[in-house]
Amino acid sequence: MMEAVVMTELSDIVVAAKSDPTVVYGGQQKRPRGVATMPNNDIVLAEGRRRNIEIISESGEMINEITFKALNKTCDPYDVAIGREREIFVTDQGNNRVYTCLEGGNLLRVFGSDELHKPAGVAVTNDNRVLVADSERACVRIYNYDGSYVKSFGRKGYALGDFFTPQFIAVNSRNQFLVTDYRHDSLQIFDDNCTFIHCINGLEDADVWRPMGVTTDKEDNIYVCDAFTYKIRKFGPDFKFISVVESAEGTLMGPHGLAMMHGECNKLVVADCGNNSIKLVKV
């Protein structure tokens with residue numbers, strides 16, 4: 001492994017393991033949770049301890065911090081998703097609601113407080129519905145783009161299609177919904193009618209253990225954060241295991257949110273809660 005190089009102008013650390021570089025924006029974040037990427041690859045982060053949303057350039061420069069000071073309660077952000085016009089959807093776990101805002105911080109709408117109980121992951125579907133994982137009620141809530149409630153799917157249980165603590169959600173190019181369940185040790189896939197398709201679970205290297213963040217690439221390969229072994233596992237569009245994504249040894253410790261950079265760069269953005277940092281891992 002190459003010697004770590006400190007780039008003081010960005011407070012970044014660049015290390016390399018094998019042929020895969022990992023870029024670390026370290027020491028700036030204080031309990032990073034969910035993460036998403038803008039079309040220009042700006043990184044949007046839900047910051048748990050600072051209780052704000054941070055927008056960071058791909059090179060690690062802070063662009064904006066959104067605090068929602070106009071609200072009458074302190075925000076407790078858990079996850080973020082990007083809408084069709086670059087709006088930011090934010091789940092507020094402490095106040096059981098979802099915010100929609102612009103990059104500059106302008107608040108557009110607040111919704112979900114009548115239905116949500118400890119909201120976690122959020123995603124926007126290809127047909128502009130908003131999915132929110134309700135971790136306490138063990139279901140996924142569906143909203144129209146304007147925040148009006150549609151329905152939920154899933155229930156607490158151990159059968160296929162049931163949940164226990166759903167965490168993060170991703171949507172692939174086929175408009176399938178991928179939902180991680182931390183306590184079920186599973187990743188479940190549903191079609192756009194909310195019908196169960198497949199479940200990945202278990203304790204083998206090809207399966208998932210305490211899964212958190214999930215994302216897909218342009219070929220619909222699936223990447224899942226394993227919060228127990230601190231690994232990222234890659235599965236194909238057919239849901240079959242491909243590999244464990246390698247990063248520098250010991251660089252992940254509590255990965256939560258996961259997002260894919262846009263374009264041809266083939267980089268994952270990992271919100272590493274245990275190390276209070278964001279990492280870019282080449283895949």
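Higher on the page you've got the structure.
A brief look at the structure comes next. (Residues numbered from 1 in each chain as written. Predicted model: local features only at pLDDT ≥ 70, side-chain atom pairs only at ≥ 80, totals over all residues. Heavy atoms only, no water.)

### Section: the overall build of the chain
Within the chain, the regular secondary structure consists of zero helices and 26 strands. Here the chain holds 283 residues, and the buried ones make up 57% of them. Within the chain, contacts between residues at least 6 apart in sequence are counted, and of these 43% link residues at least 24 apart. (Helix = DSSP H or I, 4+ residues; strand = E, 2+ residues; numbered from the N terminus. Buried < 20%, exposed > 50% of the residue type's maximum accessible area, 1.4 Å probe, protein only. Contact = heavy atoms within 4.5 Å.)

### A word on the nonpolar core
Of all hydrophobic cores here, the largest spans 40 residues; its most connected members are Phe-153, Leu-187, Val-214, Ile-222 and Ile-232. Excluding its chain neighbours within four sequence positions, the residues that come into contact with Ile-232 are Tyr-223, Val-224, Cys-225, Ser-243, Val-244, Val-245, Leu-252, Leu-258, Leu-268 and Val-270. (Core = buried A, V, L, I, M, F, W, Y, C linked by side-chain atoms within 4.5 Å.)

### Describing the sheet that holds strand β18 (residues 186–190)
Spatially, four strands are ordered β16-β17-β18-β19 in an open sheet, and the strand pairing comes out antiparallel. The open sheet is flanked by β16 (166–171) and β19 (196–201), the only strands paired with a single partner. On average, each strand axis in the sheet is inclined to that of its neighbour by 20°, with strand direction left out of account. In the sheet, β18 pairs with β19 via five bridges, with the strands oriented antiparallel. (Pairing = 2+ DSSP bridges. Axes fitted to C-alpha atoms, helices over the stretch in contact; angles between N-to-C directions.)

### Remarks on the side chain of Thr-165
Mapped onto the elements, Thr-165 comes out in the loop between β15 (149–153) and β16. Beyond its immediate stretch of four places on either side in the chain, Thr-165 contacts Ser-135, Thr-180, Asp-181, Tyr-182 and Arg-183.

### Re the environment of Phe-241
With respect to the secondary-structure elements, Phe-241 resides in strand β23 (residues 241–245). Here Phe-241 falls in the partly exposed class, since its relative accessible area comes to 29%. Linking Phe-241 and Ile-222, residues 19 residues apart in sequence, is a C-alpha distance of 9.2 Å.

### Quick look at the pairing of strand β7 (residues 62–66)
As defined by bridge partners, strand β6 (residues 52–56) adjoins β7 across four bridges and the pair is classed as antiparallel. Along β7, the bridge assignment pairs Ile-56 with Met-62. Between the end of β6 and the start of β7, which pair antiparallel, lie five residues, with Gly-60 showing a positive phi angle near 100°.

### As for the layout of surface pockets
Taken as a whole, the largest pocket spans an internal volume of roughly 920 Å³. If you trace the largest pocket, you find 42 residues lining it, with Val-171, Thr-215, Thr-216, Met-260 and His-262 closest to the centre. Looking at side-chain class alone, the lining of the largest pocket contains 21 nonpolar, 15 polar and six charged residues. (1 Å grid on protein atoms, 1.4 Å probe; cavity = no way out; pocket = protein on both sides within 12 Å on 5 of 7 lines; lining within 4 Å. Points joined across faces, edges and corners; volume = space filled by probe spheres on them. Nonpolar A, V, L, I, M, F, W, Y, C, P; charged D, E, K, R; others polar.)

### Looking at the sheet that holds strand β13 (residues 130–134)
Pairing is antiparallel across the open sheet formed by four strands, whose spatial order is β12-β13-β14-β15. Strands at the two margins of the open sheet, each flanked by one partner only, are β12 (119–124) and β15. If you compare each strand with its neighbour and ignore which way they point, the axes differ by 20° on average. Pairing of strand β14 (residues 139–143) with β15, which is carried by four bridges, proceeds in the antiparallel orientation. Note that in β15 the partner of Arg-141 across the bridge is Ser-152.

### A closer look at the packing of aromatic side chains
Considering all chains together, one arrives at 13 aromatic pairs under this definition. Each ring, one from Phe-68 and one from Tyr-99, has its centre 4.8 Å from the other, and the planes form 40°; the classification is tilted. Of this pair, Phe-68 sits in the loop between β7 and β8 (77–82) while Tyr-99 sits in strand β10 (residues 97–101); the two residues are 31 residues apart in sequence, bridging distant segments of the chain. Accessibility classification places Phe-68 together with Tyr-99 in one group, the buried group. Grouping aromatic residues by their ring pairs yields a cluster made of Phe-153, Phe-163, Phe-177, Phe-190 and Phe-196. (Phe/Tyr/Trp six-rings, centres within 6.5 Å; stacked < 30°, edge-to-face > 60°.)

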